Amino acid sequence: MPTLAPRYESDYDSSSSSVTIPGSSSSWMSNLSSLSVTSSLPESSSLSSTHKPHEANQAAWEAIKGLQIASGGVGLDHFRLLRRLGSGDLGNVYLCRIRNPVVGLPQCFYAMKVVDKEALAIRNKLQRAKMEKEILSMIDHPFLPTLYAEFEASHYSCLVMEYCPGGDLYAVRQRQPGRRFPILAAKFYAAETLLALEYLHMMGIVYRDLKPENVLVREDGHIMLSDFDLSLKCDVVPKLISSNKSNLGAIDHKPKTSTPSCATYMQPLRSCFSASNKKKQKASRVTTITERVDSDGGGGGGGGCYRIDQELDNPELVAEPINARSKSFVGTHEYLAPEVISGQGHGSAVDWWTLGVFLYEMLYGRTPFKGENNERTLINILKQPLSFPRTVISSSKELEERVKVEDLISKLLVKNPKKRIGSFKGSAEIKRHEFFKGVNWALIRSVKPPEVPRDSCKLTSRVLIPKLSKKEKEAPYQIPNHHRFDYF
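Report on the accompanying structure.

Calculation rules
Residues numbered from 1 in each chain as written. Predicted model: local features only at pLDDT ≥ 70, side-chain atom pairs only at ≥ 80, totals over all residues. Heavy atoms only, no water. Helix = DSSP H or I, 4+ residues; strand = E, 2+ residues; numbered from the N terminus. Buried < 20%, exposed > 50% of the residue type's maximum accessible area, 1.4 Å probe, protein only. Contact = heavy atoms within 4.5 Å. Areas by Shrake-Rupley, 256 points an atom, 1.4 Å probe, with all protein chains shown as cover. Axes fitted to C-alpha atoms, helices over the stretch in contact; angles between N-to-C directions. Parallel < 35°, antiparallel > 145°, perpendicular 65-115°, else oblique. Left-handed = near helix turned anticlockwise from the far one by under 90°. Nonpolar A, V, L, I, M, F, W, Y, C, P; charged D, E, K, R; others polar. Pairing = 2+ DSSP bridges. Phe/Tyr/Trp six-rings, centres within 6.5 Å; stacked < 30°, edge-to-face > 60°. Salt bridge = Lys/Arg side-chain N within 4 Å of Asp/Glu carboxyl O. Expected span 1.5 Å × (residues − 1). Arc of directions from axis to C-beta.

### A short note on the overall build of the protein chain
Within the protein chain one finds 12 helices and 17 strands. The burial tally for the protein chain puts 48% of its 488 residues in the buried class. Within the protein chain, contacts between residues at least 6 apart in sequence are counted, and of these 71% link residues at least 24 apart. A total accessible area of about 24600 Å² is found for the protein chain, and carbon and sulfur atoms account for 51% of it.

### Some thoughts on the packing of helix α5 (residues 183–202) against helix α7 (residues 349–364)
Contact geometry for α5 and α7: axes closest at 10 Å, N-to-C directions at 160°. What the angle tells us is that α5 and α7 run roughly antiparallel. Taken as a pair, α5 and α7 cross one another with a handedness that is right-handed. Contacts between α5 and α7 pair I183, A186, Y189, A190, T193, L194, L197 and H201 from the former with D351, W352, L355, F358, L359, M362 and L363 from the latter. Here the residues of the contact of α5 with α7 are counted per class, giving 12 nonpolar, two polar and one charged.

### Things to note about the pairing of strand β4 (residues 109–116)
Burial analysis of β4 places eight of its eight residues in the buried class, which makes it a mostly covered element. Burial of the side chains of β4 extends over both faces: F109, A111, K113 and V115 are buried on one face and Y110, M112, V114 and D116 on the other. In this structure, strand β3 (residues 91–98) lies alongside β4, joined through seven bridges in antiparallel fashion. In the strand pairing of β4, R97 is matched with F109. Relative to strand β6 (residues 156–162), β4 runs antiparallel, the two being bridged by seven bridges. Looking at the pairing, A111 lines up with M161 of β6.

### Let's talk about the packing of aromatic side chains
Tallying each qualifying case throughout the model produces 13 aromatic pairs. Their ring planes at 15° and their centres at 6.1 Å tell us that F79 and F151 sit as a pair that is stacked. A residue pair is termed long-range when its members are at least 10 positions apart, and F79 in strand β2 (residues 79–87) and F151 in strand β5 (residues 147–153) qualify at 72 residues. Measuring from ring centre to ring centre gives 4.8 Å for Y360 and Y364, while their planes differ by 55°; the resulting arrangement is tilted. Of this pair, Y360 and Y364 both sit in helix α7, four residues apart, roughly one helical turn. Three or more aromatic residues link up through ring pairs in this structure, and these residues are W61, F79, Y110, Y148 and F151.

### A short note on the pattern of salt bridges
For the structure on display, the rule yields 23 salt bridges. Taking the shortest distance from any N to any O, the salt bridge between R420 and E339 comes out at 2.8 Å. Of the two residues, R420 sits in the loop between α9 (396–412) and α10 (427–431) while E339 sits in helix α6 (residues 338–342), which places them 81 residues apart along the sequence. Comparing R420 with E339, the two get one shared label, buried. The salt bridge involving K404 is made with E401; its shortest N-O contact spans 3.9 Å. Residue K404 and its partner E401 are located together in helix α9, separated by three residues, close to a single helical turn. Per residue, the accessibility class of K404 equals that of E401, and both read buried.

### Things to note about α5
Taking 1.5 Å as the rise per residue, α5 with 20 residues should run 28 Å; its terminal C-alpha atoms sit 28 Å apart, in good agreement. Phi turns positive, to about 80°, at G204, one or two residues after α5.

### Considerations on helix α3 (residues 126–138)
With 13 residues, α3 extends 19 Å between its outermost C-alpha atoms, agreeing within 8% with the 18 Å of an ideal straight helix rising 1.5 Å per residue. When we look at burial in α3, the residues that qualify are R128, A129, M131, E132, I135 and L136. Considered in projection along α3, the buried side chains sweep an arc of 160° and stay on one side of the axis. Tucked into the core, α3 has its buried residues touching β4, α2 (117–122), β5, β6, β7 (205–206) and β10 (232–233).

By themselves these figures say nothing about function.
This is how it looks when you write it as structure tokens:
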């Protein structure tokens, strides 16, 4: 097997090699006054009630809107970068705040992702940055990032997003006893991650990069997925599918479906949060009527006809991009699905494989197929059967939960994507699994998280922000020299 690069490229990259750009004129050694700055706000920040984001009334949104109104736009000179939070394959992320906030609004912190477009163009990764920006501008979900503003500064592209003071789940796991989560904590994080993936799939987005490092913890303890540069956008057609009990376990069995012949793009609203009723309801039957417009468009009385589809028992809406196909080699070694490694083409089922690896790592402190090197890891993913380490069980209740979660992981880590749970009915099939029994999907944001980061108001003292004089506040921001780039 050939040696593989540690970081994988997107559908638009022609090479899997990384190029380090040496210090050149493309650096941060220029004065902001010499930069050409344009700015814009995502369409979702409109005051229109029909496109109102779920966080529209929060202080962070109000501060950005106030800045937009007062300055006529948002640019780099409106923010003060405090420190670097992290770096990735595309750029760096900095903790920042508005330099001169609107009077009457609290001081808010943001995460600003800064991308060097010239460097990415040389490395043939510019399309990945564009894809991430496009996805961030279209999503609006409690467990996904909020894009407050985006603007250009010279050859840099800046995205102002929500700041998560709790860090990522990998760091949180390292602080746990034995570096692993209790089953209840793992269930909480897996459930919220599942809802985020469900929404992305309904929007026609295959995530493809789920791992603890990409799951951030907000100040309230709930999660937020990050990094969408490896995501795949595709078409998704909503379907009504019969949910007969006889069909629930048969993944390969094709149930009765009803798909409109002129299906249009669907914006999911509350479909991610479908409450499970404890009381048994009577089976309902739905007859769907689909309008078909005659292709000849001529006369003949009427201009169209109607077709009555077969009745469905307990119909459920499924909007899963099951027909999405890509042959790109993308992801992180230990999380790659077998179909990605084989290169035979993959679809949305890769996200359910990574969910299984994600759940396994949270519970056991390691990924299931890790080898002594990357090449061995890939071979193990393709050939090694799944096994679970022995753990100490303290109660019968814990044993029962352990059996359930290992059953779910086993169904998520099926090497044949066509037989993998969720491959046909998506998240609806996974949410019905016994491991998630009792989860109130509609009210999951009201559940107390396993861990809540320290109060964000204490952040100021931890960052040690020096006080500025009035003259310093009004002066244009000076971008530091290259040798101090990591510390501003």
